[in-house]
Every structure is written in C-alpha cells, then in structure tokens.
Amino acid sequence: MSNIKYNEQEEAFELPYKLWDETANVRFYVGEEADIIKNLKDVAAKLAKLDGSRRQIAELLIDDGFYEGGDPDALAKILALANVYVDFDDEDIVLCFDVSTDDGFMKAPAHVELFGELFELTGWVE
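These numbers come from a predicted model, not from an experiment. (Residues numbered from 1 in each chain as written. Predicted model: local features only at pLDDT ≥ 70, side-chain atom pairs only at ≥ 80, totals over all residues. Heavy atoms only, no water.)

Moving on: the overall build of the protein chain. Across its full length, the protein chain carries 4 helices and 7 strands. Along the chain direction, N to C, the helices and strands of the protein chain fall in the order β-β-β-α-α-α-α-β-β-β-β. Since a compact globule built from 126 residues should have a radius of gyration of about 14 Å, the 15 Å found for the protein chain is in line with a globular shape. Projected onto its principal axes, the C-alpha positions of the protein chain cover 45 × 30 × 25 Å. In the protein chain, of all internal contacts separated by at least 6 residues, the share reaching a separation of at least 24 is 39%. Split by element, the accessible area of the protein chain, about 7,500 Å² in all, is 45% carbon and sulfur. (Helix = DSSP H or I, 4+ residues; strand = E, 2+ residues; numbered from the N terminus. Rg over C-alpha atoms; globule rule 2.2 N^0.38 Å. Contact = heavy atoms within 4.5 Å. Areas by Shrake-Rupley, 256 points an atom, 1.4 Å probe, with all protein chains shown as cover.)

Here's what the structure looks like:
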C-alpha cells in the first residue's frame, strides 16, 4: 500500500517525507500516481540531497543577498522549509521549495530549485 495520497484542494498527489527533522507533505503535480512510482528512486535521491544540504542552502542565501546575516551555521539552524513539490520537467526531475526565517534578516521567503545537482535561488516568494 502506497503512502501517496491525492489532495483535491491542491490538485496534486502528496507523499509525507521527513525533511530537516520535520515531516513535510511533498506535492507532485502529475496526472497519475504511476508517474511518481516510476520515478521514486530519483525523487528520493533529490529529497535526500535537500535533507542533507541545509547549510549549503544557508550559504547560498547569504552569498546571493537573500539573507542579511553572515553566519551560515546559525542560519542553517533557523531555516524553515515550506511548499515542497516535485516537477517532472521533460528529461529531469526538479525539486522546488521555499525557505524562510522569522528572525527579521530575510524580507520574505525565497524560492529554491534543485535542478540536476545544483541548488538555484529563483527569487522571492510572492
């Protein structure tokens, strides 16, 4: 039995997954659950990379001017993760998510994508 459920309100499939010590519902905007199952190994690898890259994402936020503080270790401890979803983009799987803090050093949550092996900040969440 699969843990994948369909969320009618979001019009997406969801899979609970532990990321950064909390359970998040990872959304999949696909037509069929079979598409998720077929790519589950690759999706799990992306999610594992996200789970182990909290400090790397903190460094990226600081380097790209999305966070006004300067200590990636301190930032990594307070980063919050939201809106995690997977996009099956032609030949690749793109993991998308938002990160934020409530310490006043970030003007808004930032949107991040894991495309291939690289994290990319794509802008502020509107």
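Moving on, we get to the pairing of strand S4 (residues 80–89). Pairing analysis gives 2 bridges linking strand S3 (residues 22–28) to S4, with the strands arranged parallel. Across the sheet, Phe28 pairs through a bridge with Val86, a residue of S4. Strand direction decides the pairing type here: S4 and strand S5 (residues 92–100), joined by 8 bridges, are antiparallel. When the sheet's bridge partners are listed, Ala82 is paired in S5 with Asp98. What sits between S4 and S5 in their antiparallel hairpin is a turn of 2 residues, with Asp90 showing a positive phi close to 40 degrees. (Pairing = 2+ DSSP bridges.)

So, about the layout of surface pockets. In this model, the largest pocket occupies a volume close to 210 Å³. As for the largest pocket, its lining consists of 14 residues, and the residues nearest its centre are Leu19, Glu22, Ala24, Leu81 and Ala82. Counting residues per element, the ones that place at least two in the lining of the largest pocket are S3 and S4. Residue composition of the lining of the largest pocket, grouped by class: 8 nonpolar, 3 polar and 3 charged. (1 Å grid on protein atoms, 1.4 Å probe; cavity = no way out; pocket = protein on both sides within 12 Å on 5 of 7 lines; lining within 4 Å. Points joined across faces, edges and corners; volume = space filled by probe spheres on them. Nonpolar A, V, L, I, M, F, W, Y, C, P; charged D, E, K, R; others polar.)

Quick look at the environment of Ser2 now. Here Ser2 is to be found in the segment before strand S1 (5–7). Residue class for Ser2 comes out partly exposed when judged on its relative accessible area of 27%. Between the alpha carbons of Ser2 and Ile37 there is a distance of 9.2 Å; along the sequence they are 35 residues apart. (Buried < 20%, exposed > 50% of the residue type's maximum accessible area, 1.4 Å probe, protein only.)

A few words now on the environment of Val84. Its location among the elements puts Val84 in strand S4. Residue class for Val84 comes out buried when judged on its relative accessible area of 2%. Separated by 77 residues in the primary sequence, Val84 and Asn7 have C-alpha atoms spaced 14 Å apart. Beyond its immediate stretch of four places on either side in the chain, Val84 contacts Leu19, Asn25, Val26, Arg27, Leu47, Leu95, Cys96 and Phe97.

To continue, consider the pairing of strand S2 (residues 12–19). Sheet faces and side chains relate simply in a regular strand, where the side chains alternate between the two faces. As paired strands, S1 and S2 are joined by 3 bridges and run antiparallel to one another. Bridging from a neighbouring strand, Lys5 pairs with Glu14 of S2. Where S2 and S3 come together, 7 bridges link them in antiparallel fashion. Looking at the pairing, Pro16 lines up with Asn25 of S3. Linking S2 to S3, which pair antiparallel, is a turn of 2 residues; within it Trp20 sits at a positive phi near 55 degrees.

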